Amino acid sequence: MFKLRKAEPRDVPDILRLIKELAKYEEMEDRVLLTEKDLLDDGFGEHPFYQCILAEWQEEQSNEEPKVIGFAMYYFTYDPWTGKLLYLEDFFVVEEFRGKGIGSGILKLLSNLAMKTRCSSMHFIVAEDNRSSIEFYKRRGAEDLSKEEGWRLFGFDKDSILKMAAPAAE
């Protein structure tokens, strides 16, 4: 049986474990550079950069501690055309626990949160080759904005940011 709850500072090791499991699933495990300290400082400090929901599993009538088997990391941002939106940064359920309603439960909780905070939408990115996740989202009404609206995702790495932030040469 699963339960959803807001992450607490004591959950940082489990959050990092799940981030690494997701990266392994996406064949990008070498890209995870965060440490437990980073996650603690960035998510539970005075001005948190992210929020996190955890999914716990506990067998019925078990005396064992619940096991953290899924997470959703999200934050709120602002779209100058439509207003507030909830951005789902990462979402993962351990493979052996999929198909038990956990992912749907997490999306329902986040949808309720988005409505409660008057968000206009919820956005997220899915890897092109992650067909099962794409279908999971589409079954729930998600639109592929990259095709519908023609947007492309771009990013600056740290070196590019440092170059742009450097004082202009005289």
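Computed from a predicted structure; not experimentally measured.

Caption draft 1: Quick peek at the sheet that holds strand β2 (residues 51–57). The five strands are arranged β1-β2-β3-β4-β5 in an open sheet whose pairing can be described as mixed. The sheet is open, and its two borders are formed by β1 (2–6) and β5 (121–124), each paired with just one other strand. Across this sheet, the average inter-strand angle for adjacent strands is 30 degrees, counted without regard to direction. Where β2 lies against strand β3 (residues 67–79), seven bridges are found, and the strand directions are antiparallel. Residue pairing in the sheet places I53 in a bridge with A72 of β3. Across the sheet, helix α1 (residues 12–25) is in contact with β2, β3 and β4 (83–93); its angle to β3 comes to roughly 85 degrees.

Caption draft 2: Representation of unusual backbone geometry in the model. Phi at E27 takes a positive value of approximately 60 degrees, unusual for a residue other than glycine. Its place among the elements puts E27 in the loop between α1 and α2 (36–44). Phi at Q61 takes a positive value of approximately 55 degrees, unusual for a residue other than glycine. Along the chain, Q61 falls in the loop between β2 and β3.

Rules used in this analysis
Residues numbered from 1 in each chain as written. Predicted model: local features only at pLDDT ≥ 70, side-chain atom pairs only at ≥ 80, totals over all residues. Heavy atoms only, no water. Pairing = 2+ DSSP bridges. Helix = DSSP H or I, 4+ residues; strand = E, 2+ residues; numbered from the N terminus. Axes fitted to C-alpha atoms, helices over the stretch in contact; angles between N-to-C directions. Contact = heavy atoms within 4.5 Å.

By themselves, these figures tell us nothing about what the structure is for.
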